[in-house]
Amino acid sequence: MATSRPRVLQFGKMPLPQLDAELAQAYEVTLLSEQADPRRFLAEQGTQFEYLVTSAAMGLPAHVVEALPNLRFVSSFGVGFDALDRDSLLHRGVRVGYTPGVLDDCVADMAFALLLDAARGLSESDRFVRRGGWSQGRFGIRTRASGKRLGIFGMGRIGSAVARRAAGFDMDVGYHNRSPVEGSPHRYLPSLLALARWADFLVITAAGGDATRHLVDAQVLDALGPQGFLVNVARGSVVDEAALAAALQSGRIAGAGLDVFEDEPRPHAELLTQDNVVLAPHIASGTHETRRAMADLVLRNLEQFIATGQPVAEVPWSAARQPVAAGV
Ligand code: 8YV
């Protein structure tokens, strides 16, 4: 039976299973990840797809964009767009939708969960109790978070949500961006190094990609210092993970809380043996409420672009190329 539903190429399974079903109900979906030979499939069928759905984690490599000559729109599940091949998408004039705003609170909550865990040794204390350590002696004292200096690298939507939470802990907030945020009530530090020197806790909320790769290096970690803690809820690529592991091992920083890693799902091996780091498997947006909201925005972006040529929320470099920038 002929279908009037638009054809959509789905790069892979979505982080919310219901979304797979909802896409299949609304569109004529083909899962690229389920093709026996994806490259051959693209070569033979690529001309049939104007629309593609992917996620921040799966991204979209240039060779797939180049194999889809009629591609017009990509709807990505996630706020990060560093894994979407910008050059090929821009070169082809493909518009890109994403899901900003709806995950800010959960990611900021996770930043504080990791900060408190790293400072107080909560996960370590859980292991201590489970292995019977409490009957052998006391768990050692740790570091207070309240009232300390919170440094935010990347004062965007998520960084601002982290800053709002700091008020509840009577923390003094400083931040570093490429340029100061107009009207921000928080202290602006002119460099990441200056921010690391100033902060007791350095939280990374900066976008991933080439511009921020390894900006948190051994020098920045040494500036954070032996009483300092690092929290990363942004992208693993922002941190030189080998340098971080070495700093944790040698006590050049006090501890860390990490939700993202350079080579997911394989954190640097030396991180796995350190008790002064808490490791989470990239779950900051992983709540029922937030993943549902992200899924809804993926669907709305696709639906609205098909209907009007304009998504609800567009990746900044995609929106900037439009006659009337529609970025969110
Ligand atoms: C992803 C993330 O949404 O939104 C992002 O950029 O890093 C995550 O919240 C999740 O990993 C699915 O790709």
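In short, a report on the structure. Predicted, not measured: the structure shown is a model, and the values here were computed from it.

### Here we look at the sheet that holds strand β4 (residues 73-77)
Now for step 1: An order of β2-β1-β3-β4-β5 is seen for the five strands of this open sheet, with the pairing classed as parallel. Bordering the open sheet on either side are β2 (28-31) and β5 (95-97), each of which pairs with just one other strand. On average, adjacent strands in this sheet sit at an angle of 25° to one another, irrespective of strand direction.
Now for step 2: Across five bridges, the pairing between strand β3 (residues 51-55) and β4 is parallel.

### Observations regarding the nonpolar core
Now for step 1: With 46 residues, the main nonpolar core has Leu19 and Leu150 as its most contacted residues.
Now for step 2: Considering every element that reaches this core, the biggest residue donor is helix α5 (residues 104-120), with nine residues.
Now for step 3: Counting only domains with at least three residues in this core, you end up with domain 1 (7-100 + 289-319) and domain 2 (104-279).
Now for step 4: Not counting the four nearest positions on each side in its chain, leucine 150 is found in contact with Phe112, Leu115, Val162, Ala166, Met171, Asp172, Val173, Gly174, Trp198, Phe201 and Val203.
Now for step 5: The next biggest cluster of nonpolar side chains, apart from the first, holds 32 residues, and it includes Ala196, Val216, Val220 and Leu271.

### Concerning the packing of aromatic side chains
Now for step 1: For the coordinates displayed, the defined rule picks out nine aromatic pairs.
Now for step 2: Consider the rings of tyrosine 51 and phenylalanine 305, whose centres lie 6.5 Å apart with planes at 75°: the pair is edge-to-face. Of the two residues, tyrosine 51 sits in strand β3 while phenylalanine 305 sits in helix α11 (residues 288-308), which places them 254 residues apart along the sequence. Accessibility assignment for this pair places tyrosine 51 and phenylalanine 305 in one class, buried.
Now for step 3: Put simply, the rings of Tyr51, Phe73 and Phe305 touch in pairs and so form one group of aromatic residues.

### Considerations on the site of the ligand
Now for step 1: Around the ligand sit 14 residues, and of these Val79, Gly80, Arg235, His282 and Ser285 come closest.
Now for step 2: Alanine 57 places a polar main-chain atom, nitrogen or oxygen, 3.2 Å from an oxygen atom of the ligand.
Now for step 3: In isolation the ligand has 330 Å² of accessible area, and contact with the protein removes 92% of it.
Now for step 4: Its residues assigned to classes, the shell around the ligand comprises seven nonpolar, five polar and two charged.

About the thresholds
- Residues numbered from 1 in each chain as written.
- Predicted model: local features only at pLDDT ≥ 70, side-chain atom pairs only at ≥ 80, totals over all residues.
- Heavy atoms only, no water.
- Pairing = 2+ DSSP bridges.
- Helix = DSSP H or I, 4+ residues; strand = E, 2+ residues; numbered from the N terminus.
- Axes fitted to C-alpha atoms, helices over the stretch in contact; angles between N-to-C directions.
- Core = buried A, V, L, I, M, F, W, Y, C linked by side-chain atoms within 4.5 Å.
- Buried < 20%, exposed > 50% of the residue type's maximum accessible area, 1.4 Å probe, protein only.
- Domains from an automatic or database assignment.
- Contact = heavy atoms within 4.5 Å.
- Phe/Tyr/Trp six-rings, centres within 6.5 Å; stacked < 30°, edge-to-face > 60°.
- Near = heavy atom within 4 Å.
- Polar contact = N/O pair within 3.5 Å; in protein donor to acceptor, adjacent residues only side chain to side chain.
- Areas by Shrake-Rupley, 256 points an atom, 1.4 Å probe, with all protein chains shown as cover.
- Nonpolar A, V, L, I, M, F, W, Y, C, P; charged D, E, K, R; others polar.

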